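# Examination of the molecular architecture
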Amino acid sequence: MAAERLFQRAVCVRVRGPGCEERRLNVRVNIELLSVSNPVHKKDLAVRLTDDTDPFFLYNLVISEEDFQSLKSQQGLLVDFSAFPQKFIDLLQQCIQEQNKDIPRFLLQLVSSAPLLDHTPVSLNVVETNPFKHLTHLSLKFLPGNDAEIKKFLASCLKCLKEDKLMLEEKLRKTEEDLTRQLSYTQQSLSERNRELDKLKHEWTSHTTALTNKHTQELTNEKERALQAQAQYQQQHEQQKKELENVHQKSIQQLQNRLSELEVINKDLTERRYKGDSTVRELKAKLSGIEDECQRAKQEVLSLRRENTTLDAECHEKEKLINQLQTRVAVLEQEIKDKDQLVIRTKEVLDATQEQKVILEESTEKKQSHIEKLEATIKSLSAELLKANEIIKKLQGDLKTLMSKLKLKNTVTIQQEKLLAEKEERLQKEQRELQEVGQSLRVKEQEVCRLQEQLETTVQKLEESKQLLKTNENVITWLNKQLNEIQVTKKLETPASAHAGVRTAVSPHGMHERPSFPSSGISHPISPLYAFQNFTEPAHTKTISSQCPGPKIQLNTQLPRMSRCADVQTGTAATHPANKENGDNLGLDSKYFKKKDDSIPLRGLSQNTLNSEYLKPYLPPKATPSPKAAAAPASAYFPG
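Once a new chain begins, its residue numbering starts again from 1 and follows that chain's sequence as written. With pLDDT at 70 or above as the cut-off, local features in this predicted model cover only qualifying residues; side-chain atom pairs require 80 or more to be listed or tallied, and sums for whole chains, interfaces and linings still use all residues. In computing side-chain values, all of the structure's heavy atoms are included and hydrogens and water are not.

### What to know about the pairing of strand S6 (residues 122–129)
This is how it is decided: The cut-offs for exposure are 20% and 50% of the maximum accessible area for each residue type, with area from a 1.4 Å probe on protein chains only; residues under the lower value are buried, those over the upper are exposed, and the others partly exposed. Helix and strand assignments follow DSSP, with helices taken as H or I runs no shorter than four residues and strands as E runs no shorter than two, numbered in order from the N terminus. Only strands joined by at least two bridges in the DSSP assignment are considered to pair.
With respect to burial, S6 is a largely interior element, seven of its eight residues being buried. As defined by bridge partners, strand S5 (residues 106–112) adjoins S6 across seven bridges and the pair is classed as antiparallel. By the bridge assignment, Val111 is partnered in S6 with Ser123. Here eight bridges tie S6 to strand S7 (residues 134–144), and the two strands are oriented antiparallel to one another. Bridged to Asn125 within S7 is Ser139. Joining the antiparallel neighbours S6 and S7 is a turn of four residues.

What follows is the structure, encoded as C-alpha cells:
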C-alpha cells in the first residue's frame, strides 16, 4: 500500500454539540491518497483529524470510489472521484484564509451528537455563510479511532518525534563543531589585529609631533605677513577716505539743486491732487450709477437663465420633430423610388402597347379568359395593399413607443440639468455649457431648416409622382373604355368581318399613323395625350376595378400560346407588306425584352413584360428573349 500525502495543515474548527456552547478548536487535517494494487488496483482517500495538544484526539475517514458515488448522489456533488481531493483542499484553503476574519465567508464546523467529543462519530461540514442562509457545501462523517488505531497513531507520532530528535542531535553536534572552529579562528585573528593596532598607535604619535612642529612654524610666518598687509590696507583706507569726502561734497551740492527742483514739482503735484480729488468725486458718482446698472444686469442674467431653461425644452421638442421628420423623409423617399420605378415601367409598357395595338385588336376575343385572372390579381393587389397599411400602422405604433421612451429620457436629462443649474459653485462651467448649448442650438436649427427644405423637395417630388400616376390611371381607364366599345361593335358585326385584317394608314412621309378601327366606325387617329387633356378626375390605385367596369387591359401580363395561330400571321402579313418587303420583322423592339435590374414586378402578375413566346415569331433572331432571364427584385411594399 502506497500513501501519497496531499494536505497537512492546522485549521480552526468550530465545535458544536447539543446543550453546549460553540467553541473553537485547532485541528490538524491530514489528507492522503492510498493506492492498493492487490488484488485489484484501486485508490482510496484517507482523511484524518488530530489535535496537537490532545494525543488521544483521532478521527478517521476512508472514502473509496464506491463510497464516493453514494456520497455524490446524497449531497449532489458535480465532481468525479479523481477531482474530489483537490476540490476539498481548495475549500479548506478558503476556510484557512477566512478564519482570522470577524465574519468569515467559509468556515469548518465539527458537529457531534454528544455534548463532549467523547469517542462519538462527528460530522465535518464546510459551510458558506451569507446574510440570508448558511449553505453546507460538503458534509463528511468521521469515526473516532479505536484503541488499536490510537496506539498506531501514537506509535507513528513517537517514531516521528524520535526521528526528529536524532536529526536535531546530529544538527546540534555539527553546529557545536562549527562554532568551536569559528571561535579559534576568531581568537587568532583578534590577536593579530591587536598587534597591528599597537603598531599603528606608535606611528600615529610620531606623525602628530612632526605635524605640530611644522604648523607652529607656518603660523609665525603667516602672522608676519598679516602685519605687513594691515599697514598697507591702512594707507589705502586713508586715501579712499579723502576721495570719498570730495565725492560726498559734490553729491550734497547736487542734492540741494535737486531739492529745489523737487519743491517746484511738489507744488505742481499738489495742484494736480486737488484736481484729482474732484475727479474722484465725479467717478464715485458714476460708480454708484454703474452699480445700479450692475444690479439690473444681474436681474437680466436671472431672466436669461429662465429663458435658457425654456429654450432647452424647445430644443428637445425640436429634436423630437427632427426625428419624426427624418423617419417621414426616409419613408417618403422609399415610396418615391418605388413609384418612380413604377412610372418608368408604365411608360415603357404604354409605348409597347401603342406599338402593339394591331396585335391586341386581333386578340381581343381571346382576352375574355384572362379577364377573370385580372380580377383575381386586382383582388390580391387590394389585399396586399391592406396588408401594407397594417404594416404601416404597426410601424407607427413602434414609432409612438420610441417617442415615449425619448420623452422619458428627455425628462431625466432636464431634471439633471436643473440640478446642475442649482449649484452656484460651478458658475463658470455653466457659462461655458450655456455657450455650447447656444452653438448646438444654432447648429440644430440649421439642421431643422435643412431637413425642412429636404422635406419640401420630397413632398414636391411626391406630388409630381402622384400626378404622373393619376395621368397613367386615366390612360388605363381610357384604354379599357376603348376595348369595351370594340367588343360591343364586334359582337354586332358578322363573323366574316370579325376575322378580317386590320388596315393601317400610311402617312405621306412614309411613317405609320395611329391605327384606325373600321369595324367600330372610328377612323380618326387616337392620341394617348387625349387622356392627359380630358380625363382629369382623380383615380386611386385601389379602386381601378370599381371605376372601370367591363373588360380591362392587363399590363405586363403573359399572353397565351394559342395566339400564335395562322390567321394572326396572315393578318399581319397582309397589313404590313412594306415591312415584309424591307425584311423587317413585326413586333416590339428588342429593348423592351431586355432584363432591367430596377424593374418592380406587380403582385399577382406572371411577369413584367409581354409574353416572349407569343412575340417570338415576330422578333428578329437577336431580339429573342433569353430563357435564363432572372426574376426582377421584389418591391419593399409588395413582397413576393
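### Considerations on a positive patch on the surface
Stated formally: What makes a patch is a set of residues exposed beyond 30% relative accessible area and free of salt bridges, joined within 9 Å when like-charged and within 5 Å when nonpolar (Val, Leu, Ile, Met, Phe, Trp, Tyr). Per-residue accessibility takes into account occlusion by the displayed protein chains alone, with areas from the Shrake-Rupley method and a 1.4 Å probe. Each salt bridge in this description consists of a side-chain nitrogen of Lys or Arg and a carboxyl oxygen of Asp or Glu lying within 4 Å of one another. Counted as positive: Lys and Arg. Counted as negative: Asp and Glu. His and the chain ends are not counted at all. All charge positions are set by atom: Lys at NZ, Arg at CZ, Asp at CG, Glu at CD.
Taken together, the side chains of Lys423, Arg426, Lys429 and Arg432 define a basic patch exposed on the protein surface. Looking at the element boundaries, Lys429 is found in helix H6 (residues 427–492). Classification of Lys429 as partly exposed rests on a relative accessible area of 44%.

### Comments concerning the packing of aromatic side chains
Rules: Stacked, tilted and edge-to-face pairs are distinguished by plane angle, under 30 degrees for stacked and over 60 for edge-to-face with tilted covering the rest, among Phe, Tyr and Trp rings (Trp via its six-membered ring) whose centres lie within 6.5 Å.
On inspection of all chains with the given rule, the structure shows four aromatic pairs. Judged by centre distance (5.7 Å) and plane angle (65°), the ring pair of Phe68 and Phe81 falls under edge-to-face. Note that Phe68 is positioned in helix H1 (residues 65–75) and Phe81 in the loop between H1 and helix H2 (84–98), a separation of 13 residues in sequence. Each of the two residues, Phe68 as well as Phe81, counts as buried. Measuring from centroid to centroid gives 6.1 Å for Phe84 and Phe88, while their planes differ by 0°, and the two rings are stacked. Placement of the pair is Phe84 and Phe88 together in helix H2, with a separation of four residues, close to one helical turn. Its relative accessible area of 2% is what places Phe88 among the buried residues. What links up through ring pairs into an aromatic cluster is the set Phe68, Phe81, Phe84 and Phe88.

### Some thoughts on the nonpolar core
To be explicit about the condition: The nonpolar core is taken to be a set of buried Ala, Val, Leu, Ile, Met, Phe, Trp, Tyr and Cys residues, with the residues joined through side-chain atoms within 4.5 Å. Throughout, a residue-residue contact means that at least one pair of heavy atoms, one from each residue, lies within 4.5 Å.
Grouped together as the largest cluster of nonpolar side chains are 36 residues, with contacts concentrated most on Ile31, Leu49, Phe88, Leu140 and Phe142. At seven residues, the largest contribution of residues to this core is made by H2. Discounting residues that sit within four places of it in the chain, Leu49 has contacts with Val27, Arg28, Val29, Phe57, Leu58, Tyr59, Leu110, Leu124 and Phe142. Judged by nonpolar contacts, the second largest core, of six residues, contains Leu325, Val329, Ile336 and Leu455.

### Overview of the environment of Ile336
Summarising the element assignment, Ile336 is placed in helix H3 (residues 147–355). On the basis of relative accessible area, Ile336 is assigned to the buried category, the value being 8%. Placed 123 residues apart in sequence, Ile336 and Val459 show a C-alpha to C-alpha distance of 9.5 Å. When residues no more than four places from it in sequence are discounted, the contact partners of Ile336 are Thr458, Lys461 and Leu462.

### Quick notes on the packing of H3 against H6
Using the following cut-off: In this analysis, axes come from line fits to C-alpha atoms, helices being fitted only over the stretch in contact, and the angle between any two N-to-C directions falls in the range 0 to 180 degrees. Between 65 and 115 degrees an angle is taken as roughly perpendicular, under 35 as roughly parallel, over 145 as roughly antiparallel, and anywhere else as oblique. Note on convention: near helix rotated counterclockwise from far helix by under a right angle means a left-handed crossing. Clockwise means right-handed. Three classes are used: nonpolar for Ala, Val, Leu, Ile, Met, Phe, Trp, Tyr, Cys and Pro, charged for Asp, Glu, Lys and Arg, and polar for all others, with Gly counted as polar.
Orientation of H3 relative to H6, taken along the N-to-C sense of each, is 25°, at an axis distance of 6 Å. If you check the angle between H3 and H6, you find them roughly parallel. Between H3 and H6 lies a crossing whose hand is left-handed. Along the lines of polarity and charge, the residues of the contact of H3 with H6 split into 20 nonpolar, six polar and ten charged.

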